[in-house]
Amino acid sequence: MLGQLRIAFRNTGRQKKRTALLAGAISFGVLVVTVLNGFTGGVSRNIERALTDLIGGHVYISGTELTESRLIVNVIRDSVADGSAGGGSALADAVAEVEGQIAELNRRSRTLGTLIFGSKQVNQIIEGVDWVGEPGFLPSLSLTGGALPGPEARNALILPESAADRLRVAVGDQVLARVATVTGQQNVGEFVLAATIEESGITAFSSAFVRLDYLAELIDTGAGEFQLLHLYLHDPRQADRVAEVLRARLPTAPEEERVQEDAGGPPGTPGAFGGGVSRLPADEEPWDGTRYEITTIDDVMAQASDLFRVLDIVSLVVFVILLTITMVGVVNTFRMVLLERIREIGTMRAVGMQRGAVRAIFLMEAGFIGLLGALFGLVLAAAAMLILSRLTLDTDTPLQFFLDAGRLTFAVPPLSVATNLAILLALSLLAAFIPARRAARVPPSVALRGSA
């Protein structure tokens with residue numbers, strides 16, 4: 001076997017130009033598919049990171065209660081201590097089960113309200129954030145105007161820049177907010193614009209931020225109550241496992257009871273927007289206490305992940321097509337090699353080399369060319385991705401959602417590389433198999449005379 005490997009390796013260098021052309025064609029296919037896989041992987045990672053920051057965690061818990069009039073109210077009254085599990089409630093006990101996985105607990109509320117300034121009105125998602133309990137939240141915002149509010153600024157408002165432009169409001173101006181309480185009543189609050197921030201990248205998901213306790217008053221959830229509990233995990237890959245543990249420990253709402261009829265907002269936060277109130281149908285059995293819905297960043301990313309899987313499949317199909325075209329050249333090349341080496345084959349067969357060994361030498365040579373092309377293609381892909389990742393793109397806001405600080409990022413899954421290499425080697429060996437089999441079947445006497 002070692003001798004056959006040496007012969008096959010030596011043969012790949014006998015016709016350097018021909019070998020270079022074949023390896024170059026193969027490397028081009030590897031370059032294309034690797035860059036495409038890296039691009040979709042990088043964009044997927046950037047979107048997941050942006051959504052995690054936008055929504056505020058990896059696992060999201062929302063709660064619903066039922067009033068005496070059968071209204072479904074979005075609120076969590078169970079106590080969960082800041083930064084750690086505890087408190088003896090059902091929610092606290094469930095969170096304690098996964099406490100080792102949790103890096104940070106965040107309490108939030110969200111509502112869909114109307115911001116009013118003068119004659120201008122803008123519908124806007126308003127998110128209540130515990131600025132003291134989330135010390136990393138305010139510094140994570142990208143300010144375009146104003147300054148971060150201090151803890152004493154009870155009615156401070158932070159607006160996306162586009163919403164401020166539509167309202168024609170400036171830092172320091174007073175803005176009215178008309179919101180619905182959790183039971184559907186209308187309420188009005190007054191805010192002072194403290195700062196404007198860059199868009200999240202998906203305008204429909206861009207939130208205005210206010211203090212959690214002040215928003216709680218406006219939507220009538222009560223002091224210390226909130227609508228959403230967001231969990232940041234040490235390892236985001238454990239989100240589904242953590243969610244399953246929580247679902248097993250908490251009473252969860254049936255699907256038809258989870259989402260408000262008229263509410264809407266970012267994914268991962270169903271039924272927590274106060275834009276509409278739903279009522280339990282008369283034929284449904286009422287419940288006591290709080291029922292929970294647990295979703296994860298993977299649920300939020302499901303549609304995007306499906307899209308990226310389709311793109312990966314498309315890139316794989318393109319790769320196979322390019323390789324198939326290249327393999328036609330491999331077949332023709334090895335037919336020429338058979339004619340050129342007919343006497344050499346006869347000599348090896350005359351001194352005792354078996355047919356299987358001759359066939360193996362041809363196949364090994366094809367494998368070496370395929371691996372050489374793959375290696376060169378991976379090096380070119382790495383260089384291309386490095387150069388592209390250094391470019392800073394001056395783009396519109398929506399595209400920034402797919403970038404990392406204005407730059408493209410690439411993440412090539414090892415499984416994709418392994419799959420592509422396996423397909424490449426399989427096609428290379430398949431292309432060389434017929435010439436290799438024909439070479440192995442040439443009788444020594446005929447080969448020594450120089451004709452196949």
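Residues numbered from 1 in each chain as written. Predicted model: local features only at pLDDT ≥ 70, side-chain atom pairs only at ≥ 80, totals over all residues. Heavy atoms only, no water.

## Points about the overall build of the protein chain
Where we set the bar: By definition, any uninterrupted DSSP run of H or I lasting at least four residues is a helix, any uninterrupted run of E lasting at least two residues is a strand, and each is numbered from the N terminus. Per-residue accessibility, obtained with a 1.4 Å probe over protein chains only, is compared with the maximum for each type, and a residue is labelled buried under 20%, exposed over 50%, and partly exposed between these values. Contacts are assigned to residue pairs that have any heavy atoms within 4.5 Å of one another. Note that accessible areas follow from Shrake-Rupley with a 1.4 Å probe, and for residues the cover is restricted to the protein chains shown.
The helix and strand tally for the protein chain stands at 15 helices and twelve strands. By the burial criterion, 48% of the 452 residues in the protein chain qualify as buried. Taking the contacts inside the protein chain whose residues are at least 6 apart along the sequence as the reference set, 77% of them involve residues at least 24 apart. Carbon and sulfur atoms make up 58% of the accessible area of the protein chain, which totals about 21200 Å².

## A closer look at the pattern of salt bridges
Counted only if it meets this: One side-chain nitrogen of Lys or Arg within 4 Å of one carboxyl oxygen of Asp or Glu is enough to make a salt bridge.
Across all of its chains, the model carries eleven salt bridges by this definition. With a closest N to O distance of 2.7 Å, Arg 77 and Glu 225 form a salt bridge. Linking Arg 77 in the loop between strand 2 (71–74) and helix 3 (90–97) with Glu 225 in the loop between helix 6 (212–219) and strand 10 (228–233), this pair joins segments that are 148 residues apart in sequence. Notably, a salt bridge pairs Glu 127 with Arg 108, separated by 2.4 Å at the nearest N-O pair. Here the residue Glu 127 occupies a position in strand 4 (residues 120–129), and Arg 108 occupies one in strand 3 (residues 102–117), the gap between them amounting to 19 residues. An identical accessibility class is assigned to Glu 127 and Arg 108; each is buried.

## Quick word on the pairing of strand 9 (residues 207–211)
Applied cut-off: By definition, two strands form a pair when at least two bridges between them are found by DSSP.
Counting buried positions along strand 9 yields five of five residues, so the element is predominantly enclosed. Sheet topology places strand 4 next to strand 9; five bridges connect them, and they run parallel. Counted as the bridge partner of Gly 128 is Val 210 from strand 9.

## Topic: the side chain of Gln 124
Within the fold, Gln 124 resides in strand 4. Assessed through its relative accessible area of 5%, Gln 124 is described here as buried. Contact partners of Gln 124, with chain neighbours within four places excluded, come to Thr 111, Leu 112, Gly 113, Leu 115, Pro 160, Ala 163, Arg 166, Ser 206, Ser 207 and Ala 208.

## Digging into the packing of aromatic side chains
How we decide: Aromatic contacts are taken between Phe, Tyr and Trp rings whose centres are within 6.5 Å, Trp giving its six-membered ring; a plane angle under 30 degrees counts as stacked, one over 60 as edge-to-face, and the others as tilted.
Tallying each qualifying case throughout the model produces three aromatic pairs. Aromatic side chains Phe 137 and Phe 209 sit 4.9 Å apart centroid to centroid with 70° between the ring planes, which places their arrangement in the edge-to-face category. Pair noted here: Phe 137 is in helix 4 (residues 137–140) and Phe 209 is in strand 9, with a separation of 72 residues, a long-range link. One exposure class covers both Phe 137 and Phe 209, and it is buried. Judged by centre distance (6.2 Å) and plane angle (55°), the ring pair of Phe 334 and Phe 362 falls under tilted.

## What about the packing of helix 2 (residues 16–55) against helix 12 (residues 355–390)?
For any two helices packed against each other, the geometry comes down to the angle between their axes and how far apart the axes lie. Definition in use: Helix axes are fitted only over the stretch in contact, all axes being lines through C-alpha atoms; the angle between N-to-C directions runs from 0 to 180 degrees. Should an angle lie under 35 degrees it is considered roughly parallel, over 145 roughly antiparallel, and from 65 to 115 roughly perpendicular; all remaining angles are considered oblique. A crossing counts as left-handed when the near helix is turned anticlockwise from the far one by less than a right angle, and as right-handed when that turn is clockwise.
The contact between helix 2 and helix 12 brings their axes to 7 Å, and the two run at 45°. Classified by the angle their axes make, helix 2 and helix 12 are oblique. Considering only the axes of helix 2 and helix 12, their crossing is right-handed. Only Ile 369, Gly 370, Leu 372, Gly 373, Ala 374, Phe 376, Gly 377, Leu 378, Leu 380, Ala 381, Ala 384 and Met 385 of helix 12 make contact with helix 2, whose side of the interface consists of Thr 19, Leu 22, Ala 23, Ile 26, Ser 27, Val 30, Leu 31, Thr 34, Val 35 and Gly 38.

## Looking at the pairing of strand 12 (residues 291–296)
Counting buried positions along strand 12 gives five out of six residues, so the element sits mostly inside the fold. Bridge count for strand 1 (residues 59–66) against strand 12 is six bridges, and the pairing is antiparallel. Each residue of the ladder has a partner; that of Ile 61, found in strand 12, is Ile 294.

## Examining the environment of Ala 194
If you trace the backbone, Ala 194 turns up in strand 8 (residues 186–197). The contact partners of Ala 194, leaving out residues within four places of it in the chain, are Gly 145, Gly 146, Ala 147, Pro 149, Ala 156, Leu 157 and Val 171.

## Notes on the confidence of the model for the protein chain
The predicted coordinates of low-pLDDT regions are not to be read in fine detail. What counts, and what does not: Confidence scores here are pLDDT values: one per residue, from the predictor, ranging 0 to 100.
For the protein chain, the average pLDDT comes to 81, and 87% of its residues sit at 70 or higher. Across residues 81–87, where pLDDT falls below 50, the model places 17 contacts with residues more than four positions away in sequence or in other chains. Across residues 256–275, confidence stays below pLDDT 50; counting only partners more than four residues off in sequence or on other chains, it has 57 contacts.

## Some remarks on the environment of Arg 349
With respect to the helices, strands and loops of the structure, Arg 349 is situated in helix 11 (residues 342–350). In this structure Arg 349 comes out as buried when scored by relative accessible area, which is 16%. A C-alpha to C-alpha distance of 8.9 Å links Arg 349 and Val 442, two positions 93 residues apart in sequence.

## Brief notes about the packing of helix 11 against helix 12
Helix 12 packs onto helix 11 with a crossing angle of 140° between their chain directions and a minimal axis gap of 10 Å. Judged by the inter-axis angle, helix 11 sits oblique to helix 12. As helix 11 packs across helix 12, the resulting crossing turns out to be right-handed. Mapping the contact onto sequence places Ile 345, Met 348 and Arg 349 in helix 11 and Arg 355, Val 358, Ile 361 and Phe 362 in helix 12.

## Let's talk about unusual backbone geometry
Backbone geometry at Arg 70 places phi at a positive 70°, although glycine is not the residue there. Within the secondary structure, Arg 70 is located in the loop between strand 1 and strand 2. With a relative accessible area of 23%, Arg 70 lands in the partly exposed category.

## Notes on helix 7 (residues 239–249)
Each full turn of the α-helix corresponds to 3.6 residues, which orients residues three or four apart in the same direction. Cut-off, in case you're wondering: Comment: arc refers to directions from the helix axis out to C-beta atoms.
Within helix 7, burial applies to Ala 239, Val 242, Ala 243 and Leu 246. Buried residues of helix 7, seen end-on, are gathered within an arc of 100° and therefore sit on one face of the element.

## Concerning helix 3
Turning to helix 3, its buried residues number three or more, namely Leu 91, Ala 92, Ala 94 and Val 95. Seen along its axis, helix 3 keeps its buried residues to an arc of 165°; they face one direction. In the core, the buried residues of helix 3 are packed alongside strand 1, strand 3, strand 10, helix 7 and strand 12.

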